[in-house]
Amino acid sequence: MTTKSARRQLTPVPFTQITLDDPFWSPRQETNRTVTIPHMHQMLMETGRIPAFDLNFTRLVPSPIVEIFGDSDAAKWLEAACYALTTRPDPPLAALVNEFAGKVVAAQQPDGYLNTHFIVTQPDLRWKNLRDWHEMYCAGHLIEAAIAHHQATGDPKLLNALCRYADHIDTHFGSEPGKRRGYDGHPEIELALVRLYHATGERRYLKLAQYMVEERGQSPNYFDIEARERGEDPAHFWAKTYEYCQAHAPIRQQDKVVGHAVRAMYLLAGVADLAHELDDPTLLETCERLWDNLVHRRMYLTGGIGPSRRNEGFTTDYDLPDESAYAETCAAIALILWNHRLLQVNGDGKYADIIEQTLYNGFISGVSLDGKHFFYDNPLASAGDHHRVPWFACPCCPPNLGRLLASLGNYFYSTSADGIWTHLYAQSSARVQVQGQDVEVRQVTNYPWDGAIRLELRPAQPQTFTLHLRIPGWCDEWQVRVNGAPLAEDPALTKGYLAIHRTWGPGDQVELTLAMPVQSVWAHPAVRQMQGRLALQRGPIVYCMESVDHNGLGLDRISLDPAAVEQLTIEHRPDLLGGVTVLCGAAALIQAAGWEDALYRRNRPPTTQPVDVTAIPYCVWDNRAPGEMRVWFRTG
């Protein structure tokens, strides 16, 4: 029997205490605030998702599912807007926030219920189809928005309204006599209820979250019960299996990440929360087991997850096709949320590695540099027909991306009983409390383009504590100096972190240098689609090629010499794609000459010719002329 604790030893430093002024994230945060969030508001108005809270709309019956759960899209926009307001005053945005918060409060029903579709269009069907209709999912996002609104404005009106809604749900669902043993087909409310518990101190919300996680997948399955009550045969469920919504087995019995990728990650974020809150090692072990399956068998190099468009999720181990990869932006965001929670348990750098890998690649690829165009899915190859668009019929990804970007500082630092943990690197300033004393931390760096990082510590007075510096998993060589001098002993890494324990004084400096050569990346032999291919990475950045840089040449005809990868030229181009570092060098191109009138030919293998190539960061592809893109390249 296990005896280890599941309590978190680390506490994240909130984004409100972090200011990014780096060349990579700071412009993206500003674009998010000034362009993306207003653009999303306009689209939510035009598509009726915000006006729906006026309760004067008409809608077809049966309604498209994307309309039924439209409240969640508006809620995520509100959360993103509130985070932006928390760090920077913006009167026009504040007015929009106040107006929408008022609409939400006014739409709430006397019994606390708050879902616009089932208030207006099908009131007789409330709570009749938890499997498909996302009522609790919408409630979860409204709860998170209400918490953010209270944080940003100090006004409790929206938070009070969502507490009433949570109370309504608690009245109807649970294991107590007279309640229905239901839970939502799309997890999200679980983690939201834990947040609501922290915001209010009301332990009933934590208990409700625990119930929803532990009831999921129990027998008899609730989704079978409610289907029969609707007069439906559960066997006719379109997805064929409750793996789709992670309700095929109780959570502690699950051994693989399955089904819809976003649902899986939201559920596991809630599981990680409960492991800590309840000090339940069995829930932590469940997370660790599923994390191992995901990261070592079911995750793309970019941090994208979920290869299948059919279920927006997982298939089988090592099934990671590149051109048909789904890798939904929301799934990358949820992956970050889950790993951030696991990172706080005991500071294991493998979780921070996944956060960084996903942030710089499969997450930020979801939005264009102009802030007005979005990817729903993020393939690792394109024949030239995949492009960002201004909006989607199911617009879950844009506001989800907006809320994470606005609160990005959350992921940089944590504190523990012994000191400060630095998880991510970017030029920034932070206000941290260590053992009750204020410490300012300043990072000076051009990361991720350069591995030289200088940290300046400014405690209010000399103070003894440990500074934990993450050495990324991609980094094989590093150097560290304190106030210009190397450490007396070569420091050892503990779970990916370098610990420097000393008495720190105002103005002390730590210089960390992470070697950033160009690296070739190879896939596991069981990833059948990627055999004989390699990808390029430098630091946390995964690279790709676009046909716009290669005169329209077919990118799949390019092959790279593995022995020459480290000789690729590293060149920073401040005038390209917002300022990026590119990789340039020689490759081989399969010639098309001689094939004009032949589809096949015998005994005459293709010939190659030298060609110069340029690779750009994957996260900024499709910001120029349309064309092909590829991450994985032939090696012969």
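Notes on the structure follow. (Residues numbered from 1 in each chain as written. Predicted model: local features only at pLDDT ≥ 70, side-chain atom pairs only at ≥ 80, totals over all residues. Heavy atoms only, no water.)

This part is about the overall build of the protein. Across its full length, the protein holds 16 helices and 23 strands. Compactness check: the protein gives a C-alpha radius of gyration of 25 Å against a globular reference of 26 Å for 636 residues, within 12% of the reference. Overall, the protein is about 75 × 70 × 55 Å in size when its C-alpha atoms are taken along their principal axes. Going through the 636 residues of the protein one by one, you find that 59% of them count as buried. Considering only residue pairs separated by 6 or more positions, the protein has 71% of its internal contacts joining residues 24 or more positions apart. Put simply, the protein shows about 24300 Å² of open surface, and 50% of that area lies on carbon and sulfur atoms. A distance of 2 Å separates the average location of the 58 positive side-chain charges in the protein from that of its 75 negative side-chain charges. (Helix = DSSP H or I, 4+ residues; strand = E, 2+ residues; numbered from the N terminus. Rg over C-alpha atoms; globule rule 2.2 N^0.38 Å. Buried < 20%, exposed > 50% of the residue type's maximum accessible area, 1.4 Å probe, protein only. Contact = heavy atoms within 4.5 Å. Areas by Shrake-Rupley, 256 points an atom, 1.4 Å probe, with all protein chains shown as cover. Lys, Arg positive; Asp, Glu negative; His and termini not counted. Charge placed at Lys NZ, Arg CZ, Asp CG, Glu CD.)

In total, this model carries 28 aromatic pairs according to the counting rule given. Ring geometry for Phe-24 against Trp-25: centres 4.8 Å apart, planes inclined by 70°, an arrangement best described as edge-to-face. When sorted by exposure, Phe-24 lands in the same class as Trp-25, which is buried. Look at Phe-118 and Trp-133: their rings are 5.6 Å apart centre to centre, the planes differ by 35°, and that puts the pair in the tilted class. (Phe/Tyr/Trp six-rings, centres within 6.5 Å; stacked < 30°, edge-to-face > 60°.)

Counted under the stated rule, the structure contains 48 salt bridges. With a closest N to O distance of 3.2 Å, Glu-30 and Arg-88 form a salt bridge. Highlighted residues: Glu-30 in helix α1 (residues 25-46) and Arg-88 in the loop between α3 (70-87) and α4 (91-107), separated in sequence by 58 residues. Among the residues examined, Glu-30 registers a relative accessible area of 30% and is labelled partly exposed. Between Glu-176 and Lys-207 there is a salt bridge, with the nearest N and O atoms lying 3.5 Å from each other. (Salt bridge = Lys/Arg side-chain N within 4 Å of Asp/Glu carboxyl O.)

With that settled, the discussion passes to the sheet that holds strand β2 (residues 18-20). Taking strand neighbours across the sheet as the criterion, the seven strands line up as β2-β6-β7-β8-β14-β10-β11 in an open arrangement whose pairing is antiparallel. Unpaired on one side and paired on the other, β2 and β11 (485-486) mark the two borders of the sheet. Bridge count for strand β10 (residues 478-482) against β11 is two bridges, and the pairing is antiparallel. Bridge assignment links Arg-481 to a residue of β11, and that residue is Pro-486. (Pairing = 2+ DSSP bridges.)

Moving on, we come to the packing of helix α14 (residues 329-346) against helix α15 (residues 349-363). At a minimum axis distance of 8 Å, the contact between α14 and α15 shows a crossing angle of 160°. Considered as vectors, α14 and α15 are oriented roughly antiparallel to each other. By crossing handedness, the relation of α14 to α15 is classed as left-handed. The residues of α15 that touch α14, namely those facing Thr-329, Ala-332, Ile-333, Leu-335, Ile-336, Asn-339, His-340, Leu-342 and Leu-343, are Tyr-351, Ala-352, Ile-354, Ile-355, Thr-358, Leu-359, Gly-362 and Phe-363. Partitioned by chemical class, the residues of the contact of α14 with α15 number twelve nonpolar, five polar and no charged. (Axes fitted to C-alpha atoms, helices over the stretch in contact; angles between N-to-C directions. Parallel < 35°, antiparallel > 145°, perpendicular 65-115°, else oblique. Left-handed = near helix turned anticlockwise from the far one by under 90°. Nonpolar A, V, L, I, M, F, W, Y, C, P; charged D, E, K, R; others polar.)

Bringing the environment of Gln-122 into the picture now. Relative to the elements of secondary structure, Gln-122 occurs in the loop between α5 (116-120) and α6 (130-133). Look at Gln-122 and you get buried, because its relative accessible area is 9%. If we skip the residues at most four places from it in the chain, Gln-122 touches Val-61 and His-117. A polar atom in the side chain of Gln-122 sits 2.7 Å from the side chain of His-117. (Polar contact = N/O pair within 3.5 Å; in protein donor to acceptor, adjacent residues only side chain to side chain.)

As a further point, take the sheet that holds strand β12 (residues 493-494). As summarised here, the arrangement of the six strands in space is β1-β4-β5-β9-β13-β12, forming an open sheet in which the pairing is mixed. On the outer flanks of this sheet lie β1 (11-12) and β12, each paired with one strand and no other. In the sheet, strand β5 (residues 419-422) pairs with strand β9 (residues 463-470) via four bridges, with the strands oriented parallel. Within β9, the residue paired with Gly-419 across the bridge is Thr-466. Set on the sheet, α15 makes contact with β9 and β13 (497-504); between it and β9 the angle comes to about 55°.

Here we take up the packing of helix α7 (residues 135-153) against helix α9 (residues 189-200). Relative orientation of the contacting elements α7 and α9 amounts to 30°, with a least axis distance of 8 Å. The angle between α7 and α9 places the two elements in the roughly parallel class. As α7 runs across α9, the sense of the crossing is left-handed. Residues Met-136, Ala-139, Gly-140, Ile-143, Glu-144 and Ile-147 of α7 pack against Ile-189, Leu-191, Ala-192, Leu-193, Arg-195, Leu-196 and Ala-199 of α9. Taken together, the residues that form the contact of α7 with α9 break down as ten nonpolar, one polar and two charged.

Here the focus is the nonpolar core. Of all hydrophobic cores here, the largest spans 217 residues; its most connected members are Trp-25, Trp-77, Met-265 and Trp-338. For this core, the element with the highest residue contribution is helix α12 (residues 261-277), accounting for twelve residues. Here Trp-77 is in contact with Ile-37, Met-40, His-41, Leu-44, Ile-50, Leu-93, Leu-96, Val-97, Phe-100 and Pro-399, once residues within four sequence places are set aside. (Core = buried A, V, L, I, M, F, W, Y, C linked by side-chain atoms within 4.5 Å.)

Turning our eyes to something else, we now look at the side chain of Asn-115. When you line up the elements, Asn-115 lands in the loop between α4 and α5. By relative accessible area, which is 0% here, Asn-115 ends up buried. Leaving out residues up to four positions away in the same chain, Asn-115 has contacts with Ile-68, Asp-71, Glu-135, Cys-138 and Tyr-165.

So, about helix α13 (residues 281-297). End to end, α13 covers 24 Å across 17 residues, agreeing with the expected 24 Å (1.5 Å per residue, within 8%). Of all the positions in α13, only Pro-281, Leu-283, Leu-284, Thr-286, Cys-287, Leu-290, Trp-291, Asn-293, Leu-294 and Val-295 are classed as buried. Looking at the buried positions of α13, the neighbouring elements they touch are α12, α14 and α15. (Expected span 1.5 Å × (residues − 1).)

Turning our eyes to something else, we now look at the pairing of β13. In this structure, β9 lies alongside β13, joined through eight bridges in antiparallel fashion. Residue pairing for β13: Leu-467 is matched across the bridge by Ile-500. Inspection of the sheet shows β12 paired to β13 by two bridges, in the antiparallel sense. The residue bridging Leu-493 from the neighbouring strand is Leu-498, located in β13. Following β12, the chain reverses through two residues before pairing antiparallel with β13; Lys-495 in that reversal takes a positive phi of roughly 50°.

A word on the state of the cysteines. Enumeration over the complete set of coordinates arrives at zero disulfides. Of all cysteine sulfurs, the one in Cys-138 lies closest to Cys-245, which takes part in no disulfide; the gap is 16 Å. For Cys-245, a relative accessible area of 0% gives the class buried. No disulfide involves Cys-475; its sulfur sits 20 Å from that of Cys-619, the nearest cysteine. The class of Cys-475 is buried, set by a relative accessible area of 6%. (Disulfide = S-S within 2.5 Å.)

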